[in-house]
Amino acid sequence: MGDALDLSEKDVLGIAEAWRRDGRAVALATVVETWGSAPRPIGSHLVIDGDGHFEGSVSGGCVEGAVVGEAIDVIGDGRPRLLEFGVADETAWRVGLSCGGRIAVYVERID
Amino acid sequence: MDRGLLETLNAERRARRAVIRVTNLATGAERLVREAELDPADPLGAELAGRFRSAKSGMVETADGGRLFLTVHVPPPRLVCIGAVHITQALAPMARMAGFDVTVIDPRTAFATEARFEGVPLYPDWPDDVIPGKVGLDAYTGLVAVTHDPKIDDWPIARALEAGSFYVGALGSRKTHAKRVERLTAAGVDPAAIGRIAAPIGLDIGAQSPAEIAVAVLAQAIQALRRRPAADAAS
């Protein structure tokens, strides 16, 4: 039921707004596509600040580290990026999405 | 993402209004679409209407080969039960499993006890003492009136219809409901709104026991939520 099951989870978009209001540089990552058994549903968010602090989840921990690294670059140049992680991609094994799924994550700066 | 757009999006979410953010993944262009303002002429109209009902975010390919991502924000559905009766005891846990936030209101303190409704927000009060102050009604809040007592049921039924609740169900036979219709009409409730009341309550599955009736009611509420006509919430 979309948001209904996410009630107990953190309000990532609310955190993004609050961080931005505090003057922090902020990027938002969103799961935009999944194939196979992806750990987090489409629409899941991760918010990252310029120092690499993050809240939320796009993969239940598998690829967050890589997404945070890319987010720092997005914050730097303001250019959104579409990232893919999955079993077909060797780097996916390195970042550990071993759950058999593939995900696409869109990372953008909050201007 | 524009900061102002994020603030608007969060304000809509806090106000329990459905909204979709449309993002062009190639260009970063974005816009917000409120369910209440969905334009039939919108090139994504049918797609957006379907997404408001399913509450599922996802990718859409445009005619010119572009890729748009739709982030769908629909308020968590709530179910307000008027009447802390047997049916409600079965309905409350089932509805919570199905993803509804459940609240129970019944001024009869013999019924509205913690022991009968463990862990469920419970108000042993008259509905007009808690609605709308403590329990709000809106398009994403359904109302189930099952006390069998017009003094308790009628008022919240009228308020739920006014609020555009996606589901308003009322217990009672056809005869009982005919009298209810007379009372609500006399009270000035819009006849079209009265026609939205699901009565006798629940899908017709031949339910007998309180738990079976609860299944019929929950199924009907889910059907009302997922099959509701587009932008009905705004009417």
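Everything quoted here is computed from the prediction, not taken from an experiment. (Residues numbered from 1 in each chain as written. Chains lettered and ligands numbered in written order. Predicted model: local features only at pLDDT ≥ 70, side-chain atom pairs only at ≥ 80, totals over all residues. Heavy atoms only, no water.)

## A closer look at the pattern of salt bridges
Residue and element names in this part refer to chain B.
Thought 1: All chains considered together, the criterion is met by 22 salt bridges over all chains.
Thought 2: Measuring nitrogen to oxygen at the nearest pair gives 3.2 Å for the salt bridge that ties Arg34 to Glu12. With Arg34 in strand β2 (residues 30-34) and Glu12 in helix α1 (residues 3-14), this pair connects stretches of sequence that are 22 residues apart.
Thought 3: Arg34 sits in the partly exposed class, given a relative accessible area of 28%.
Thought 4: Classification of Glu12 by relative accessible area gives buried; the value is 6%.
Thought 5: Two residues, Glu47 and Arg51, come together in a salt bridge whose shortest N-O distance is 2.8 Å. (Salt bridge = Lys/Arg side-chain N within 4 Å of Asp/Glu carboxyl O. Helix = DSSP H or I, 4+ residues; strand = E, 2+ residues; numbered from the N terminus. Buried < 20%, exposed > 50% of the residue type's maximum accessible area, 1.4 Å probe, protein only.)

## A word on the layout of surface pockets
All names here are of chain B.
Thought 1: Quantified by volume, the second largest pocket comes out at close to 270 Å³.
Thought 2: Lining the second largest pocket are 15 residues, and of these Pro200, Ile201, Gly202, Leu203 and Asp204 lie nearest its centre.
Thought 3: When its residues are assigned to classes, the lining of the second largest pocket shows 8 nonpolar, 5 polar and 2 charged. (1 Å grid on protein atoms, 1.4 Å probe; cavity = no way out; pocket = protein on both sides within 12 Å on 5 of 7 lines; lining within 4 Å. Points joined across faces, edges and corners; volume = space filled by probe spheres on them. Nonpolar A, V, L, I, M, F, W, Y, C, P; charged D, E, K, R; others polar.)

## Focus: the pairing of strand β2 (residues 45-49) of chain A
Residues and elements named next belong to chain A.
Thought 1: The buried fraction of β2 amounts to 5 of the 5 residues, a majority that puts the element mostly inside the structure.
Thought 2: Alternating positions in β2 separate into two faces, His45, Val47 and Asp49 on one and Leu46 and Ile48 on the other, with burial throughout.
Thought 3: As paired elements, strand β1 (residues 26-35) and β2 share 5 bridges and run antiparallel to each other. By the bridge assignment, Ala29 is partnered in β2 with Leu46. (Pairing = 2+ DSSP bridges.)

## Section: empty space enclosed by the protein
Residue and element names in this part refer to chain B.
Thought 1: In the structure shown here, the tally under the stated rule is 2 cavities of 30 Å³ or more.
Thought 2: By volume, the largest cavity amounts to about 50 Å³.
Thought 3: Listed by contribution, the elements that provide at least two residues to the lining of the largest cavity are α2 (45-54) and α8 (210-226).
Thought 4: Among the residues forming the lining of the largest cavity, the class breakdown is 8 nonpolar, no polar and 3 charged.

## Details of the side chain of Asp154 of chain B
Residues and elements named next belong to chain B.
Thought 1: On the secondary structure map, Asp154 appears in helix α5 (residues 150-162).
Thought 2: Under the relative-accessibility criterion, Asp154 is labelled buried at 12%.
Thought 3: Those residues in contact with Asp154 that sit more than four places away from it in its chain are Arg180, Arg183 and Leu184. (Contact = heavy atoms within 4.5 Å.)

## Points about the packing of aromatic side chains
Thought 1: The final tally for this structure, using the stated rule, is 1 aromatic pair over all chains.
Thought 2: Geometrically, the ring pair formed by Phe100 of chain B and Phe166 of chain B is stacked, given 6.4 Å between the ring centres and 25 degrees between the ring planes. With Phe100 of chain B in the loop between α3 (86-97) and β6 (101-105) and Phe166 of chain B in the loop between α5 and β9 (168-170), this pair connects stretches of sequence that are 66 residues apart.
Thought 3: Classification of Phe100 of chain B by relative accessible area gives buried; the value is 2%.
Thought 4: On the basis of relative accessible area, Phe166 of chain B is assigned to the buried category, the value being 9%.
Thought 5: One Lys or Arg, Arg24 of chain A, reaches over the ring of Trp19 of chain A and ends 4.2 Å from the middle of that ring.
Thought 6: Above the plane of the ring of Trp35 of chain A lies Arg102 of chain A, whose end atom (NZ or CZ) is 4.4 Å from the centre. (Phe/Tyr/Trp six-rings, centres within 6.5 Å; stacked < 30°, edge-to-face > 60°. Lys NZ or Arg CZ within 6 Å of the ring centre and 35° of its normal.)

## Points about the nonpolar core
One broad trend across soluble globular proteins is that nonpolar side chains are buried collectively.
Residues and elements named next belong to chain B.
Thought 1: Within the largest apolar cluster, 46 residues are counted, with the highest numbers of intra-cluster contacts made by Leu91, Val144 and Tyr167.
Thought 2: Secondary-structure elements contributing two or more residues to this core are β1 (19-24), α2, β4 (67-73), β5 (78-82), α3, β6 and α8.
Thought 3: Considering each element in turn, this core owes the most residues, 6 residues, to α8.
Thought 4: The residue makeup of this core includes at least three contributed by each of domain 1 (3-73) and domain 2 (78-228).
Thought 5: Apart from residues lying up to four places away in sequence, Tyr167 is in contact with Thr141, Gly142, Leu143, Val144, Arg196, Ala198, Ile201, Gly202, Val217, Gln220, Ala221 and Ala224.
Thought 6: Within the second largest apolar cluster, 21 residues are counted, among which are Val135, Ile157, Ala158 and Ala170. (Core = buried A, V, L, I, M, F, W, Y, C linked by side-chain atoms within 4.5 Å. Domains from an automatic or database assignment.)

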